[in-house]
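Descriptive analysis of the structure
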Amino acid sequence: MRRAPSSSFRSATIGLLASTMLSGAGTAYAQDKPSTGPATTSTAPADEDEIVVTAQKREENLQDVPISIQALGTQRLDEANVSNFNEYTKLTPTVSFQTTQPGSTNVYIRGVASGGDGNHSGSLPSVGVYLDEQPVTTIGGTLDVHIYDIARIEVLRGPQGTLYGASSEAGTIRIITNKPDKTGSYGGLDVEGNSVDHGGQGGKIEGFFNLPLSERAALRVVGWYQHDAGFIDNVPGARSFLPQPGGLSVNNSGLVKKNFNDIDVAGARAALGIDLTDNWTATASLFGQDQKSRGTFGFEPSVGDLQVQHFYPDRFHDRYGQAALTIEGKISNWDVTYAGAYLDRQIHSTNDYTDYAEAYDSLYSGSGGVANNFYYLDNAGNHILPLHHIVGRDHFTKMSHELRLASPSASRFRIVAGLFYQRQTHRIHQDYQVTGLGSQVSVNGFPGTLWLTQQDRVDRDYAAFGEATFDVTSTVALTGGIRAYKYDNSLIGFFGYGRNPAGGFTGQPFNAGASSRTGYIACFTSTGAQLRDNLTGTLLPAAVPGSPCTNLGTSKDGKVVPKSTTGDGFTHRVNLTWKITPDHMVYATWSKGFRPGGINRRSTLPPYAEDTLTNYELGLKTSWGKLRVNGAVYLQDWKSFQYSFLGQNSFTEIHNGPDARIKGAELDVFWRPATGLTLNGSAAYTDAKTRQKTCKTDDPTFSCTGPDISAPKGTRLPVTPQFKASGTGRYEFPVGGGTGHLQTIVTHQGSSTADLRTDEAALLGRLKAYTMFDFSLGMEWRKITAELFFENAFDERAELTRYSECSVCTRVYVVPYAPRTIGLRLGTKF
């Protein structure tokens, strides 16, 4: 049972909570008093309330940028104890996400979310994530970059398709690191220990060092290790399969464990900055992270709070590294920037998939269950337990290059223009195994494999972009931008069951899944025909190493080439800005973003087309002495949005759905009402609904009436709540030769659905509303800091995601925010 917070603990915080009662959270507070060492990095402004961002590819004061931006700087990130994606999105109300485990996250901004339960290699993300100048969003989703020694995080809301391209349809998140500093040697070290309610103990150690190598070169090195304690228990359970009595059964006694979902993260980052000449600089960087997690991060409410029953070890190992180079200089008085990077990411995983067997046994209960409808047999022909588990090995690469020019920023007419190219790949290996499955009913050449997906995906993007601003008067500016793009996405490989080779592939049973047309039998032969139409033919060699043959592709001239889809077009941005006074600005924006189409991994389905987002926005940015208020209202039309779901055989399908309209408003507030007291808050209201009914199929022979409708017109888009807000109150005061502080962070999120489709949303249940509180108190001396913190202080069971493991599975999992965590942080600068 959950423990209620004591009345004394709750009442002790009431005074501090009152200071946070603003209508929002985590306001823009970027390069403010960086906690990087005695020699402040060159990117920090002198005025701690001034915020410098590079959202428009040049350095500008946040209040002068006519874009809705939220920025979190070094100090703000440190004060909120932010070290990962979940923690900084608490402070950014326009950002929502779905996650099943660390390293597997889909990010959304302003409600541009179709939800769904598709698994690996789905649509490209609608939100781009950048590390400095380089995009790090992969086909597999968002990297969970460890946050330490970071200059700022910028959240750019709304389509950024002109300057940032395909994966910035709904917005962009930019993580900007602190750069090598040639002015002095300094460093820092931070350690933390914590204890999680209902769980174990965790902690982290982080450090950085900045070293000038000469007057023209400096090196900055950052490293970290973090252990997050588990808090979900794998409790005793059993599964029995038909017929009953007499059927097979299993228990998980060998896997019962408390707090089995722990995480270990280790990583490092190094950057070398060199002044090539007085006008040219180069920054080369290496970044790598290794994350290992065990267990599952969703619990089963039907089993118990923070409890599951799993029957095979769950493991997830996410490793990636990136090499990047940025060169900046001048040709005449124009700025020139080149940014290039190569990213390599590998994920190895094993997952329990017993829910699949249980669900199909129930689905076929009227005809004897799995045992009477499928052929889970060993080599002796005996029935075996139909317990599934998945062995996954995903390999992603991403190469990107951007070259751009920028005219002098002080000119009345100024331009940013450039060229962009990226190529990203995904080697997909998903091996659905049943222990002891006989070779005759397995995938050919893979004994024990019920179903295999082995495919290569390649996505290419090309773009030329430009944005020009003209100062119509001293207070009015007009900006117009355009991006011409082209994409070429392809997919080739194998998916499906095996085929019993007995009798020239006519022997019974065909395979364990009793499928006569899927998998090996659909592979291409040397004549171009599929094996099912040419049983005596010779199979073409496998196009993707590690697969038995090729059934996803196009037969051409005696070989199989990838299936592909291409597209091109233009996105735009038009903006009118009026600087009423130096401290008050209003703006209007009309902008468009897009997301490329692609190939469905089920070869019988057509490619899915690109979707587009058109944004109409009015915003204001105002400063009133110690008070800063920024806000925006917007209307967005999302055309033919892509959505993924698990279709037949729980295989991902990607379709273009109807149109949606999203109306919303957002507000950021920063206020220093008294010496030492800082209040900042942000809030977002989002009203996102479909404009037509959503159909279960693209087949034109279906009328899309009655049972063919998966969601009626006016259905609210999933995942994003109507209202989300967060607020921070911090009071600093002199004491004992140093500076003490008290801080509260409050996060509130309304309820939302977990899926667009009506039936699936009802099965999963709503993501419940929650309000979560974090508290901290600490001291800072000249070189030493100490802080005691309470995260999720009242042990709120804040729901991040709800999901089931297959298309017919009825067991629902809830991924929660970590329970109450109490810890101590110590830091030093040198």
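All values reported here derive from a predicted model rather than from experimental measurement.

Definitions and limits used
Residues numbered from 1 in each chain as written. Predicted model: local features only at pLDDT ≥ 70, side-chain atom pairs only at ≥ 80, totals over all residues. Heavy atoms only, no water. Helix = DSSP H or I, 4+ residues; strand = E, 2+ residues; numbered from the N terminus. Rg over C-alpha atoms; globule rule 2.2 N^0.38 Å. Buried < 20%, exposed > 50% of the residue type's maximum accessible area, 1.4 Å probe, protein only. Phe/Tyr/Trp six-rings, centres within 6.5 Å; stacked < 30°, edge-to-face > 60°. Lys NZ or Arg CZ within 6 Å of the ring centre and 35° of its normal. Pairing = 2+ DSSP bridges. Disulfide = S-S within 2.5 Å. Salt bridge = Lys/Arg side-chain N within 4 Å of Asp/Glu carboxyl O. Polar contact = N/O pair within 3.5 Å; in protein donor to acceptor, adjacent residues only side chain to side chain. Contact = heavy atoms within 4.5 Å. pLDDT = per-residue confidence, 0-100. Core = buried A, V, L, I, M, F, W, Y, C linked by side-chain atoms within 4.5 Å.

1. Regarding the overall build of the chain
The number of helices and strands found in the chain is eight helices and 43 strands. Scaling as 2.2 N^0.38, a compact globule of 830 residues should have a C-alpha radius of gyration of about 28 Å, and the chain matches this with 28 Å. The principal-axis extent of the C-alpha atoms belonging to the chain is close to 85 × 65 × 55 Å. For the chain, the residues scored as buried account for 60% of the 830 residues in total.

2. Description of the packing of aromatic side chains
Tallying each qualifying case throughout the model produces 27 aromatic pairs. Between Tyr130 and Tyr164 the ring centres are 5.2 Å apart and the planes differ by 80°, which places this aromatic pair in the edge-to-face class. In this pair, Tyr130 is assigned in strand S6 (residues 127-131) and Tyr164 in the loop between strand S8 (150-157) and strand S9 (171-177), connecting sequence segments 34 residues apart. What makes Tyr164 buried here is its relative accessible area of 4%. Each ring, one from Tyr364 and one from Phe374, has its centre 5.3 Å from the other, and the planes form 90°; the classification is edge-to-face. Here Phe374 lies in the loop between helix H6 (370-373) and strand S21 (388-406) and Tyr364 lies in the loop between helix H5 (354-363) and H6, a separation of ten residues in the sequence. Of the residues examined, Tyr364 reaches a relative accessible area of 29% and is grouped as partly exposed. The rings of Tyr353, Tyr356, Tyr360, Tyr364, Phe374, Tyr376 and Tyr432 are connected pair by pair, giving a single aromatic cluster. One Lys or Arg, Arg110, reaches over the ring of Tyr634 and ends 4.0 Å from the middle of that ring. Geometry around Phe510 places Arg499 over its ring, the cationic atom sitting 3.8 Å from the centre.

3. Here's the deal with the sheet that holds S8
If you walk across this open sheet you meet the five strands as S3-S8-S9-S6-S7, and the pairing is mixed. Each having just a single partner strand, strand S3 (69-73) and strand S7 (134-135) make up the two edges of the open sheet. Note: S6 against S9, five bridges, orientation parallel. Within S9, the residue paired with Tyr130 across the bridge is Arg174.

4. Considering the state of the cysteines
In protein structure, a disulfide is the covalent linkage between the sulfur atoms of two cysteines. Scanning the model with the defined rule gives three disulfides in all. Put simply, Cys523 and Cys549 are joined by a disulfide, and their sulfur atoms are 2.0 Å apart. In this structure the cystine formed by Cys523 and Cys549 twists about its S-S bond by roughly 65°; its chirality is therefore right-handed. Of the two residues, Cys523 is situated in the loop between helix H7 (502-505) and strand S25 (554-556) and Cys549 in the loop between H7 and S25; the sequence distance between them amounts to 26 residues. Of the two residues, Cys523 and Cys549, neither departs from the other in class, the shared state being buried. Shown here is the disulfide that connects Cys695 with Cys704, its sulfur atoms set 1.9 Å apart. On the sign convention where negative is left-handed, the bridge of Cys695 and Cys704, at about -105° about the S-S bond, is left-handed.

5. Considerations on the pattern of salt bridges
Taken as a whole and assessed by the stated rule, the structure comprises 46 salt bridges. Taking the shortest distance from any N to any O, the salt bridge between Arg110 and Glu666 comes out at 2.4 Å. Of this pair, Arg110 sits in the loop between strand S5 (104-109) and S6 while Glu666 sits in strand S33 (residues 660-674), and the two are 556 residues apart along the sequence. Judged by relative accessible area, Arg110 falls into the buried class, the value being 1%. In this structure, the salt-bridge partner of Arg216 is Asp278, at a minimum N-O distance of 2.9 Å. You can see Arg216 sitting in the loop between strand S11 (201-214) and strand S12 (217-228) and its partner Asp278 sitting in the loop between strand S16 (263-275) and strand S17 (281-294), a full 62 residues away along the chain. Shared partners join several salt bridges into a network, and the residues in it are Lys57, Glu133, Glu402 and Arg404.

6. Things to note about the side chain of Glu79
Inspection of the secondary structure puts Glu79 in helix H3 (residues 74-79). A distance of 2.7 Å separates the side chain of Glu79 from the side chain of Gln75, its partner in a polar contact. A polar side-chain atom of Glu79 sits 3.2 Å from a polar atom in the side chain of Arg730.

7. Description of H5
Taking burial as the measure, the ten residues of H5 include seven buried ones, the bulk of the element. Restricting attention to buried positions, one finds in H5 the residues Thr354, Asp355, Tyr356, Ala357, Ala359, Tyr360 and Asp361. Buried-residue contacts for H5 involve strand S14 (238-240), strand S20 (334-352), H6, S21 and strand S42 (813-816).

8. Focus on the confidence of the model for the chain
Looking at the chain as a whole, the pLDDT averages 91, with 93% of positions reaching at least 70. In the predicted structure, residues 1-48 sits below a pLDDT of 50 and forms 143 contacts with residues beyond four places in sequence or in another chain.

9. With respect to the nonpolar core
Residues Tyr88, Ile147, Ile153, Ile173, Ile175 and Leu717 are the most contacted members of the largest nonpolar core, which totals 54 residues. Not counting residues up to four positions away in its chain, the partners in contact with Ile153 are Gln70, Ala71, Leu72, Leu77, Tyr88, Ile147, Ile173, Arg174 and Ile175. Listed in part, the 25 residues of the second largest apolar core include Ala359, Val370, Ala512 and Cys806.

10. A few points about the environment of Leu826
Tracing the backbone shows Leu826 in strand S43 (residues 821-829). For the pair Leu826 and Ala417, spaced 409 residues apart in the sequence, the C-alpha separation amounts to 46 Å. Other than its neighbours up to four places away in sequence, Leu826 contacts Leu189, Asp190, Val191, Thr785 and Ala786.

11. Re unusual backbone geometry
Here Gln244 and Pro245 are connected by a cis peptide whose omega angle stands at 0°. With phi around 55°, Asp149 is a residue other than glycine that occupies positive phi space. Tracing the sequence through the fold places Asp149 in the loop between S7 and S8. The exposure class assigned to Asp149 is buried, which follows from its relative accessible area of 7%. Backbone geometry at Val719 places phi at a positive 75°, although glycine is not the residue there. Relative to the elements of secondary structure, Val719 occurs in the loop between strand S36 (709-711) and strand S37 (723-735). On the basis of relative accessible area, Val719 is assigned to the buried category, the value being 4%.

12. A word on the pairing of strand S27 (residues 563-581)
The pairing of strand S24 (residues 476-496) with S27 spans 16 bridges and is classified as antiparallel. When the sheet's bridge partners are listed, Ile482 is paired in S27 with His572. Where S27 lies against strand S28 (residues 584-595), eight bridges are found, and the strand directions are antiparallel. Bridging across to S28, Lys579 finds its partner in Met585. Counting the residues that bridge the hairpin from S27 to S28 gives two residues.

13. Digging into the environment of Val735
Relative to the helices and strands, Val735 resides in strand S37. For the pair Val735 and Trp781, spaced 46 residues apart in the sequence, the C-alpha separation amounts to 9.7 Å. If we ignore the near neighbours within four places in the chain, the residues touching Val735 are Gly740 and Met779.

14. Remarks on the side chain of Gln101
By the secondary structure assignment, Gln101 is in strand S4 (residues 95-101). The contact partners of Gln101, leaving out residues within four places of it in the chain, are Phe297, Phe316 and Asn351.

15. What about the pairing of strand S31 (residues 642-646)?
Among the five residues in S31, five count as buried, and that is most of the element. The two faces of S31 match: Gln642, Ser644 and Leu646 on one face and Tyr643 and Phe645 on the other face are all buried. Alignment of S31 against strand S32 (residues 652-656), held across five bridges, turns out to be antiparallel. Following the sheet pairing, Tyr643 is matched in S32 by His655.

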